[in-house]
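Spelled out, the chains give:
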Amino acid sequence: MSDRATRLRGKDLLGIADLTSAEISLILDTAEAMKEVSARPIKKVPALRGKTVINLFYEPSTRTRVSFEVAEKRLSADTLSVAIATSSVVKGETLIDTALNLEAMNPDIIVCRHASSGANHLLARTCKAGVVNAGDGMHEHPTQALLDAFTIRERKGRLAGLKVAIIGDLLHSRVFRSNVYLLTKMGADVWACGPSTLTPAGIANLGIHVTTRVEEAVEGADAVMMLRIQMERMQGGYFPSLREYFHVFGVTPERVALAKPDAIIMHPGPMNRGVEIASEVADGPASVILDQVANGVAVRMAVLYLLAGGGEDEAAA
Amino acid sequence: MPVLMDRERMSRTLTRIAHEILERNRGVDDIALVGVRTRGVPIAKRLAAILHDITGHEVATGALDITLYRDDLMKTAVGPQPIVRRTEIPFSIDGRHLVLVDDVLYTGRTIRAALDALIDFGRPSTIQLVVLVDRGHRELPIKADYVGKNVPTSRRETVQVRLAEIDGVDEVLLDQVEGGTA
Amino acid sequence: MKLLLKGARVVDPASGIDGVRDVLIDGDRVARVDVSIPPSAVPDAAVVDLGPSLVVCPGLVDMHVHLREPGYEHKETVRTGAASAVAGGFTAVACMPNTSPINDSASVTRFILKQAAEANLARVYPIGAVSKGSDGKELAEMADMREAGCVAFSDDGRPVTTALLMRRALEYAGMMGLPVIDHCEDKTLAGEGVAHEGFHASQLGLRGIPGAAEDVMVERDIVLAAMTGGHAHIAHLSTAGALRAVQAGKSRGVQVTCEVAPHHFTLSDERLLAPLPYDTNLKMNPPLREVRDRASLLEGLRDGTVDAIATDHAPHHADDKRVEFDRASFGIVGLETAVSLAFDQLVHPGVITLTRMVELLSVNPARIIGVPGGRMAAGDVADITILAPNLPVTVSASAFQSKSRNTPFDGWRLRGGVAATIVGGRVLYVNTAVAQAAGLAGSA
């Protein structure tokens, strides 16, 4: 077991790919403490008092943005959210220009969601502020994977050795990539399942099982994680109809029955009921979908604290 | 390394402090102990056990993590507790006589942070402070109500409290910061 | 004016020469190439002692560059592109027609040639569009363009869209004995891809351009070249599959040739992850492929399946590159790094000989586009490149003659470079570091 981490390297969280398993454990452990803060009557600690956090969202998102905002406020940070209308992009203001404008106001952290993979790498190279990736294109959504791991760990006590099935549009999903990186680093056994047309090239190289049969993925699983099918994928000709998708890949009660009796059902939201997941499963007792949302705040508090609020030279004796 | 307190001495000291608490507060009514993580917590639990032995009453005990309340000057060397841990205060502190418990009182900044944290939990009637060792060099106007031992120290020294629950042994040592063996 | 280059190793494969020779240039022609030409025999010549560590070869020809003029002068002009060529050791370049307006007519062709004449640096040979506006529908006026000076036809930037159009183009250009140069990319397979479809693009969440998108069209073009008897030249070939197809085509006697760009024989797609993830200077089309594709290209360069090295020099303004990877323009500059990369990545590691390098960079491209060059025998035009095979070179984008700086090789330390470039007997470029030793400075 690698030695404990006491801080995160670098000023940014761009992806799980850059984190060690020790750093992942640090974030999850810190999130435990943060979860307790959310249960108090006064849901606030001064850890980020006086720090400025800007939420820069190029893609519309209520869920993630609100989760970050709540996390920031609970840490006493000064927070503001900028939603970039598509028209600004069309008008031609580049990401760099926007970033430099914001940087002039000296923020400590920029939380950014963008439609292009790698956009946050560009942002992090340009800005002195720390950059938290709230989702970049098809690349990564690290805080989602962290809250997923937190939820699994909360229910199962561990991550190592668990069988986790991830089902859906693997090709376009940043949640998929982040979860694969995290779960494999922490020793879980990942089974990825989706139509061949939606399976990215070479992913078996990530140390996971890949199958096109839901039954195989779900059998004996400790956790079953659904990915959103985005309706617009239909135009890409990846599969013939939503009806057929649900028939072949939908997570139905019959398929869930193949998993372990105490398996948990997960979904990053928002759900397409009747497409990737049957309503009975989404609302059933095994579903931890709402826990995921609650844990999202704690995990994001942990990330923000470790990047902006934690001590600089803790390692010094 | 000079031993300031051995197991026997620590045990007698804690017993003495427990009696002082009872005397000052005229009993254990409305008293609650809150240990400051990390080593204040076992000390608080031991005090609760001693108070229970003496009075037959259970004394509510909690654990407080002050990491999220530290001020800038506490970024270094507040003892080896870099990970944020849970605060567990499973009772209401409103109207209570809270007794904060910590192992070493030094600059006073840890206690200042603990007071800030407690205010967010409620409104105690009074807050008193127990420390096992007071080593001087206060930077804030903080004073302990109950002191195990006063130890004048220089800034180049550190006081190491070791407890059986965490370190396997009960003792208090005086160490040098620079040039000492790690 | 006479110039006597003494004592260097002359590599002129077309004349069968590889050895130390003296070279006498008179006016714009090569006058003599001999084992020894004593200065006393040519008293009015400027004498330059090069020494055997330098190599003299026929001027290098880059048959695939983008000069951006007319229409994109903020990226490059004919003049700056010609200056960049000369600094890179090239005495001639062939420029692609995806300007604005597209070079699909004699008038645009003549404009480009006029700009080149005024710059009076490297020779510029325009390549005309295959279709009007390069929009893949109707043939452009090839005969007119040929008369104005075009040496080949291409819709580069885009593929020659349909099999029917490629057939007609091969037949029509074939009438004139000119090649059709195709940017082979099936757009339906490539989709909105921005990087090679493979494990690394998957890791980075980048939409992929499968190797098959190139292979499918290369095979198509070879079938059509066989059918029509025309000459298909495959631009910027990058995959093992495409190379296999070209090899098979050649062995069947089809008139197909191909070129490979330096970035494809130097880099592969894992570079997208490190040291600089999502570096837009690694974005080009066709994209950097896999390690095994690169290995295949090296073999093809060695065994003759690959006919030419051509840079696909694609200048872009910083504004077009300093954006998200998806939005960045495709392409990198290449004129001023090609020779060093060829030495460092091919010759010195023993993949190819120096003779083969000269074939790839001079003899073959000159032959494919049918222009004078590729040989420096007595009577030939004095287009000559002087190479320094062991010169330590640190690539410095800020010192480029090109207007643009979009290169992934900035800061690279390479072994081998250009000592001087002579066009029509005029010394147009001299590497100052080498010049001191050779006394070559200032003989323009």
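See the structure shown above.
Note that the structure is predicted; figures quoted are calculated from it, not measured.

A. Representation of the overall build of chain A within the structure. Scanning chain A for helices and strands turns up 12 helices and nine strands. Its C-alpha atoms give chain A a radius of gyration of 19 Å, within 12% of the compact-globule value 20 Å for 317 residues. Seen through its C-alpha atoms, chain A measures out along the principal axes to roughly 55 × 50 × 40 Å. In chain A, once contacts between residues fewer than 6 apart in sequence are set aside, the share between residues at least 24 apart is 73%.

B. Structural context of the overall build of chain B. Along chain B, the regular secondary structure elements total four helices and eight strands. The order of α-helices and β-strands along chain B, N terminus first, is β-α-β-α-β-β-α-β-β-β-α-β. A compact globule built from 182 residues would reach a C-alpha radius of gyration of about 16 Å, and chain B, at 16 Å, matches this within 12%. The principal-axis extents of the C-alpha atoms in chain B amount to approximately 50 × 35 × 30 Å. A buried classification covers 52% of the 182 residues belonging to chain B. Here the analysis covers contacts within chain B between residues at least 6 apart in sequence; of these, 70% occur between residues at least 24 apart. Total accessible area on chain B is roughly 8,700 Å²; 48% of this is exposed by carbon and sulfur atoms. Taking the 25 positively charged and 27 negatively charged side chains of chain B as two groups, their mean positions are separated by 2 Å.

C. Quick look at the interface of chain A and chain C. Listed per partner, the contact involves 26 residues of chain A and 18 residues of chain C. For the pairing of chain A and chain C, the buried interface totals around 1,700 Å² over both sides, and the portion due to carbon and sulfur atoms is 56%. Among the residues chain A hides against chain C, the three largest losses belong to Ser117(A), Arg125(A) and Ala201(A). Together they make up 26% of the total. The interface formed by chain A and chain C includes zero salt bridges. Summed over the shared surface of chain A and chain C, the result is eight residue pairs in polar contact (both at pLDDT 80 or more). Elements with a minimum of two residues in the side of chain A that touches chain C: helix H4 (95-103), helix H5 (119-126) and helix H7 (174-185) of chain A. Broken down by element, the side of chain A that touches chain C gets its largest block of residues, five residues, from H5(A). By residue class, the composition of the side of chain A that touches chain C is 12 nonpolar, 11 polar and three charged.

D. Looking closely at empty space enclosed by the protein. Residues and elements named next belong to chain A. One pass over the full model with this rule turns up seven cavities of 30 Å³ or more. Looking at the largest cavity, its volume works out to about 110 Å³. Residue lining of the largest cavity: 13 residues in total, with Arg 63, Gln 144, Leu 147, Pro 268 and Val 293 positioned closest to the centre. Those elements that place two or more of their residues in the lining of the largest cavity are helix H2 (63-74), helix H6 (142-156) and helix H12 (289-309).

E. Representation of the state of the cysteines. Taken as a whole and assessed by the stated rule, the structure comprises zero disulfides over all chains. In this structure Cys150(C) is a free cysteine whose sulfur lies 7.9 Å from that of Cys95(C), the closest cysteine sulfur available.

F. Spatial organisation of the side chain of His196(C). Residue and element names in this part refer to chain C. Mapped onto the fold, His 196 is located in strand E11 (residues 195-196). A residue is classified by how much of its surface remains accessible, and His 196, at 5% relative accessible area, is buried. Within polar-contact distance, the side chain of His 196 engages the side chain of Glu 290 at 2.9 Å. Setting aside chain neighbours within four positions, we find His 196 in contact with Ala 201, Gly 208, Ile 209, Gly 211, Asp 269, Pro 287, Leu 288, Arg 289 and Glu 290.

G. Geometry of the packing of aromatic side chains. A full pass over the atoms with the stated rule returns three aromatic pairs over all chains. Aromatic side chains Phe239(A) and Tyr245(A) sit 5.1 Å apart centroid to centroid with 35 degrees between the ring planes, which places their arrangement in the tilted category. Pair check on accessibility: Phe239(A) and Tyr245(A) agree, each one buried. Between Phe409(C) and Trp412(C) the ring centres are 5.0 Å apart and the planes differ by 85 degrees, which places this aromatic pair in the edge-to-face class. Each member of the pair, Phe409(C) together with Trp412(C), is buried. Through a chain of ring-to-ring contacts, three or more aromatic side chains come together here, namely Phe239(A), Tyr245(A) and Phe249(A). The residue whose ring lies beneath Arg135(B) is Tyr106(B), and the NZ or CZ to ring-centre distance is 3.7 Å. The ring of Phe330(C) has Lys283(C) sitting right over it, with the charged end atom 4.6 Å from the ring centre.

H. Seen up close, the environment of Ile234(C). Residue and element names in this part refer to chain C. Its location among the elements puts Ile 234 in strand E13 (residues 232-234). On the basis of relative accessible area, Ile 234 is assigned to the buried category, the value being 0%. Taking the C-alpha atoms as reference points, Ile 234 and Pro 38, 196 residues apart in sequence, are found 46 Å from one another.

I. Quick look at the pattern of salt bridges. Under the definition given, this model contains 50 salt bridges over all chains. As a salt-bridge pair, Arg153(A) and Asp29(A) come within 3.0 Å of each other at their nearest N and O atoms. Here Asp29(A) lies in helix H1 (residues 21-37) and Arg153(A) lies in helix H6, a separation of 124 residues in the sequence. For Arg153(A), a relative accessible area of 18% corresponds to the buried category. Judged by relative accessible area, Asp29(A) falls into the partly exposed class, the value being 24%. Overlapping salt bridges bring together Asp29(A), Glu32(A), Arg153(A) and Arg86(B) as one network.

J. Geometry of the nonpolar core. Grouped together as the largest cluster of nonpolar side chains are 98 residues, with contacts concentrated most on Leu237(C), Phe265(C), Leu301(C), Leu346(C) and Met357(C). The element contributing the most residues to this core is helix H12 (residues 338-347) of chain C, with seven residues. Leave out the neighbours within four places in its chain, and Leu301(C) touches Phe265(C), Val306(C), Ile309(C), Leu346(C), Ile352(C), Arg356(C) and Leu360(C). One finds Met34(A), Val111(A), Val288(A) and Ile142(B) within the second-largest nonpolar core, a separate group that totals 94 residues.

K. Structural detail: the packing of helix H7 (residues 211-228) of chain C against helix H8 (residues 240-251) of chain C. All names here are of chain C. One way to put it is that H7 packs onto H8 with a least axis distance of 8 Å and a crossing angle of 15 degrees. With respect to H8, the element H7 is oriented roughly parallel. Considering only the axes of H7 and H8, their crossing is right-handed. Touching Glu 214, Asp 215, Val 218, Glu 219 and Ile 222 of H7 are Gly 241, Ala 242, Ala 245, Val 246 and Gly 249, all from H8. The residue makeup of the contact of H7 with H8, split by class, is five nonpolar, two polar and three charged.

L. Structural view of H4(A). Inspection of H4(A) places Leu95(A), Ile96(A), Thr98(A), Ala99(A), Leu102(A) and Glu103(A) among the buried residues, and these make up the whole buried set. Across the axial projection of H4(A), the buried residues extend over an arc of 165 degrees, all falling on one side.

M. Spotlight on the sheet that holds strand E8 (residues 123-128) of chain C. Residues and elements named next belong to chain C. The strand order across the open sheet built from eight strands is E6-E7-E8-E9-E10-E13-E14-E15, with neighbouring strands paired in parallel fashion. Looking at strand neighbours, the two that pair on one side only are strand E6 (60-65) and strand E15 (308-309), the edges of this open sheet. Where strand E14 (residues 256-260) meets E15, two bridges bridge the pair, whose relative direction is parallel. When the bridges of E15 are listed, Val 260 appears paired with Ile 309. Strands strand E10 (180-182), E13 and E14 of the sheet are contacted by H7, whose axis makes an angle of about 160 degrees with E13.

N. Structural view of the pairing of strand E4 (residues 97-105) of chain B. Residue and element names in this part refer to chain B. A large share of E4 lies buried, amounting to eight of its nine residues. Where strand E2 (residues 31-36) lies against E4, five bridges are found, and the strand directions are parallel. Of the residues in E4, the one forming a bridge with Ile 31 is His 97. Relative to strand E5 (residues 126-134), E4 runs parallel, the two being bridged by eight bridges. Within E5, the residue paired with Leu 105 across the bridge is Asp 134.

O. The arrangement of unusual backbone geometry in detail. In this model, Arg37(B) is joined to Thr38(B) through a cis peptide bond whose omega is 10 degrees. Positionally, Thr38(B) belongs in the loop between E2 and helix H2 (40-55). Here the amide bond leading from Ala274(C) into Pro275(C) is cis, since omega sits at 5 degrees, within 30 degrees of zero. Residue position: Pro275(C) is located in the loop between helix H9 (262-266) and helix H10 (291-303). A positive phi angle, close to 50 degrees, is found at Arg26(B), a residue other than glycine. Tracing the sequence through the fold places Arg26(B) in the loop between helix H1 (7-25) and E2. We classify Arg26(B) as exposed; its relative accessible area is 76%. The phi dihedral of Asp30(B) falls on the positive side, at around 65 degrees, and the residue is not glycine.

Cut-offs and rules
Within each chain, residues carry numbers counting from 1 in the order of the written sequence. Here the convention is simple: chains get letters from A, ligands get numbers from 1, in the order in which they are written. Under the rules for a predicted model, residues below a pLDDT of 70 receive no local features and side-chain atom pairs below 80 are neither given nor counted, while totals for whole chains, interfaces and linings still include all residues. The side-chain values count all of the structure's non-hydrogen atoms but skip hydrogen atoms and water molecules. Strands here are runs of E lasting at least two residues and helices are runs of H or I lasting at least four, both read from the DSSP assignment and numbered beginning at the N terminus. Only C-alpha atoms enter the radius of gyration; for comparison, a globular chain is expected to reach 2.2 Å times N to the power 0.38, where N is the number of residues. Contacts: residue pairs with any heavy atoms within 4.5 Å of one another. Each residue is placed in one exposure class: buried if its accessible area under a 1.4 Å probe, protein chains only, is under 20% of its type's maximum, exposed if it is over 50%, and partly exposed if it falls in between. Residue exposure ignores everything except the shown protein chains as possible cover, and the areas themselves are Shrake-Rupley values with a 1.4 Å probe. For this count, His and the chain ends are skipped, Lys and Arg are scored as positive, and Asp and Glu as negative. A charged residue contributes its charge at one atom only: NZ of Lys, CZ of Arg, CG of Asp or CD of Glu. Buried area counts how much accessible surface, traced with a 1.4 Å probe, disappears from two parts once they are put together, with both parts' losses summed. Just to be clear on terms, a salt bridge is a Lys or Arg side-chain nitrogen sitting within 4 Å of an Asp or Glu carboxyl oxygen. Side-chain atoms alone can form a polar contact between residues adjacent in sequence; in general such a contact is a pair of N or O atoms within 3.5 Å, and within protein one must be able to donate a hydrogen while the other accepts it. Each residue is assigned to one class: nonpolar for Ala, Val, Leu, Ile, Met, Phe, Trp, Tyr, Cys and Pro, charged for Asp, Glu, Lys and Arg, and polar for all the others, Gly among them. Cavity and pocket criteria rest on a 1 Å grid covering protein atoms alone: a 1.4 Å probe that fits but cannot get out defines a cavity, protein on both sides within 12 Å along at least 5 of 7 lines defines an open pocket, and an atom within 4 Å of a point defines a lining residue. Grid points are joined across faces, edges and corners, and a volume is the space filled by probe spheres set on the points. Here, the term disulfide refers to a pair of cysteine sulfur atoms separated by no more than 2.5 Å. Two rings belonging to Phe, Tyr or Trp (six-membered ring only in the last case) form a pair when the distance between their centres is within 6.5 Å. Interplanar angles under 30 degrees mark stacking, angles over 60 mark edge-to-face geometry, and anything in between is tilted. Any Lys NZ or Arg CZ that is within 6 Å of a ring centre and within 35 degrees of that ring's normal is treated as a charge sitting over the ring. Among buried residues, those of type Ala, Val, Leu, Ile, Met, Phe, Trp, Tyr and Cys that are joined through side-chain atoms within 4.5 Å constitute a nonpolar core. For helices, the fitted axis covers only the stretch in contact; all axes are lines through C-alpha atoms, and the angles between them, taken along N-to-C directions, range from 0 to 180 degrees. Reported orientations rely on four angle classes, namely roughly parallel under 35 degrees, roughly antiparallel over 145, roughly perpendicular from 65 to 115, and oblique for the rest. Should the near helix be turned anticlockwise from the far one by less than a right angle, the crossing is termed left-handed; should it be turned clockwise, right-handed. In this description, one arc is meant: the one made by directions from the helix axis to the C-beta atoms. By this definition, two strands are paired if DSSP reports at least two bridges between them.

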